[in-house]
Amino acid sequence: MITKPQFLLRQPAAPEETSTDKFYFDLCNTLITIAKERNLFPSYPEKVKERAALCLIGYYQDVICDAGIWRSFINENRRLYGFTVPFFSTGEEYTDYELNEADVKFMVWYALSMNYENRRVWNPLDPEITEGAVVWFEELAKVYDEAPIPEDYSMAKELEIHSKEDAESILKLGSWLFLHCYLMTPAFAMTLAEYSAEYDLNTEEGVMEMQKRLEISMGQDPTGPLALYLGEWLYLIIEGKTSPGTKQPVSEKEHKYYTLFTNYTGGKVLQYFATYEEMNRFFIEALGWEPDEQHLSQVKNDKDFVLMVDPQKGMLLARNVAKCIADPDNTLYDKTYATAHSIDLLTERGRCPGDLLRFVCEKGWLPDAAFPDTTDSELVKSNWDFIARCYLQGYYRGD
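What you see as residue numbers is a count from 1 along each chain, following the sequence as written. Selection of residues for local features in this predicted model requires a pLDDT of at least 70, selection of side-chain atom pairs for listing and counting requires 80 or more, and totals for whole chains, interfaces and linings are taken over all residues. By convention in this description, side-chain values take in all heavy atoms of the structure and omit both hydrogens and water.

K.L.:
Hey, could you run me through the layout of surface pockets in this one?
P.N.:
It is a probe the size of a water molecule, rolled over the atoms, that shows where empty space is left. Cavities and pockets were defined on a 1 Å grid built over protein atoms only: a cavity is a set of grid points that admits a 1.4 Å probe from which the probe cannot escape, a pocket is an open set flanked by protein on both sides within 12 Å along at least five of seven lines, and lining residues are those with an atom within 4 Å of any such point. Grid points are joined across faces, edges and corners, and a volume is the space filled by probe spheres set on the points. Size it by volume and the second largest pocket reaches roughly 620 Å³. If you trace the second largest pocket, you find 21 residues lining it, with Leu 9, Arg 10, Arg 51, Thr 185 and Leu 192 closest to the centre. Counting from the N terminus, the helices are DSSP H or I runs at least four residues long and the strands are E runs at least two residues long. Counting residues per element, the ones that place at least two in the lining of the second largest pocket are helix H1 (4–9), helix H3 (46–65), helix H7 (167–180) and helix H8 (185–196). Among the elements that line the lining of the second largest pocket, the one with the most residues is H8, at six residues. Taken together, the residues that form the lining of the second largest pocket break down as 13 nonpolar, four polar and four charged. When residues are sorted by character, Ala, Val, Leu, Ile, Met, Phe, Trp, Tyr, Cys and Pro go into the nonpolar class, Asp, Glu, Lys and Arg into the charged class, and all the rest, Gly among them, into the polar class.

Structure (structure tokens):
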């Protein structure tokens, strides 16, 4: 069961307790009790189910008062993709910014998957997930009309993004969103684990270093299921629209590797190599690198390479991925291998550079990607950018 301190940690007013916290704390533990009594989500440990219940109650509090977090998420989904909720269809019964079954199904998949390494990459349409989510949805629907407006959950309302008077409140909102909000914490879990491994958190010095790292992370790392940067989330939630952003200057000068590469390949921006020796020969013949040397020798024990060039960024290298890419010019493509491993490119951090992943997916050259234990490649094809954002985070959205 969830303890009161665990619950309060996720609340905007933490560590203070508000008059409405007891209702939502009790409701969270009701969901956990129902999951135990009815054996919902049997493949997941109890602690993971508890985290999922906490996240779902956060969503519930949000839609009860229309705090703007969920509103921002579905509005941005519509702008980016044309759908409301990833993976799950919404019909005429769907009501914007209120409790919906499709929302609950997504939140349950998202919270369970991001918090459990053994099933981190799992089919959102698995009956174990969807049937359990429906049970939790029905319980939330029973008390929807009597649920009190959660105090302090609407902390973004009345704020203005560029107001100096609101700067302190916006800073507090940003800190809560990044570190404790129900929509952000699941996707940030792996990044947090990566940072935690760098420090000895049993020492005061390690804890202080970790706190400094998180402060840096808030300014540098994307978070949440859409891998938006904190400034982007704040702009969406406070202003109700997409941040105008800052346009990076584009060099008019073509990168030298792009010129040499495309001149040698007849305009093609991708090249595939089964072995390091083949790729090294390309470096020498196409790019004019020093002959009789082993260039980028740190990858010589890998295979199935892809080289890609961009007019501004130059050249990037991917290894052990060529068999997954169904480019008509790629003789290394192996459908059997691709069926088993293509989803890894969208879900394993560092496996495939973001620019290459976007390029091949936009071309339709990752046709075999599907969640484990399913052949439903259409589900991935319709949601590939979202999947990459959710799983890869800064490895996909970082420049």
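K.L.:
Is there a simple way to think about the sheet that holds strand E3 (residues 314–318) in this case?
P.N.:
Note on sheets: strands pair through backbone hydrogen bonds, and any given pair is parallel or antiparallel. Here, any two strands with at least 2 DSSP bridges between them count as paired. Spatial strand order, E1-E2-E3: three strands in an open sheet with antiparallel pairing. What marks the edges here is a single partner per strand, and that holds for strand E1 (270–273) and E3. For this sheet, the mean angle separating the axes of adjacent strands, direction not counted, is 20°. Relative to E3, strand E2 (residues 305–310) is paired through five bridges, and the arrangement is antiparallel. Of the residues in E3, the one forming a bridge with Met 308 is Leu 316. Sitting on the sheet, helix H11 (residues 256–265) touches E1, E2 and E3, and the angle it makes with E2 is about 120°. The convention used is that axes are lines fitted to C-alpha atoms, helices contributing only their stretch in contact, and that angles between N-to-C directions extend from 0 to 180 degrees. The criterion used for residue contact is that any of the two residues' heavy atoms lie within 4.5 Å.

K.L.:
What's the story with unusual backbone geometry in this structure? I'm lost.
P.N.:
For residues besides glycine, phi is generally negative; the peptide bonds are generally trans as well. For the bond from Ala 14 to Pro 15, the omega torsion is 10°, close enough to zero to count as cis. The topology assignment puts Pro 15 in the loop between H1 and helix H2 (21–37). One non-glycine residue with positive phi stands out, namely Phe 41, at about 50°. Checked against the element boundaries, Phe 41 lands in the loop between H2 and H3.

K.L.:
Would you mind going over the packing of helix H5 (residues 101–114) against helix H16 (residues 384–392) with me for this structure?
P.N.:
Pairs of packed helices are described in terms of their axes, by the angle between the two and the distance that separates them. As a packed pair, H5 and H16 sit with axes 12 Å apart at the nearest point and diverge in direction by 40°. Between H5 and H16, the interaxial angle falls into the category oblique. For the pair H5 and H16, the crossing hand works out as right-handed. Facing H5, whose interface residues are Phe 106, Trp 109, Tyr 110, Ser 113 and Met 114, H16 presents Phe 386, Cys 390 and Tyr 391. Its residues assigned to classes, the contact of H5 with H16 shows seven nonpolar, one polar and no charged. Working rule for angles: under 35 degrees goes down as roughly parallel, over 145 as roughly antiparallel, 65 to 115 as roughly perpendicular, anything else as oblique. Here a crossing is called left-handed whenever its near helix is offset anticlockwise from the far helix by less than a right angle, and right-handed whenever the offset is clockwise.

K.L.:
Help me out: how do you make sense of the packing of H2 against H3 in this one?
P.N.:
Interaxial distance between H2 and H3 falls to 9 Å at its minimum, and their mutual angle equals 135°. The angle between H2 and H3 falls in the class oblique. Considering how the two elements wind past one another, H2 and H3 form a crossing that is right-handed. Facing Tyr 24, Leu 27, Cys 28, Leu 31, Ile 32 and Lys 36 of H2, the residues of H3 in contact are Glu 46, Glu 50, Ala 53, Leu 54, Leu 56, Ile 57, Tyr 60, Gln 61 and Ile 64. Tallied by class, residues from the contact of H2 with H3 come to 11 nonpolar, one polar and three charged.

K.L.:
Can you help me understand the pairing of E2 in this one?
P.N.:
Of all six residues in E2, five are buried, a share of seventy percent or more. Relative to E2, E1 runs antiparallel, the two being bridged by four bridges. Residue Leu 270 lies in a different strand from E2, and its bridge partner there is Met 308. Taking the residues between adjacent antiparallel strands as the criterion, E2 and E3 are bridged by three residues. A simple rule labels every residue: compare its accessible area, found with a 1.4 Å probe on the protein chains alone, to the largest value its type can have, and call it buried under 20%, exposed over 50%, or partly exposed in between.

K.L.:
Hey, could you run me through the environment of Tyr 60 in this one?
P.N.:
Mapped onto the fold, Tyr 60 is located in helix H3. With relative accessibility at 0%, the residue Tyr 60 sits in the buried group. Along the chain, Tyr 60 and Tyr 24 lie 36 residues apart, while their C-alpha atoms are 8.9 Å from each other. Beyond its immediate stretch of four places on either side in the chain, Tyr 60 contacts Tyr 24, Leu 27, Leu 99, Leu 140, Val 143, Tyr 144 and Ala 147.

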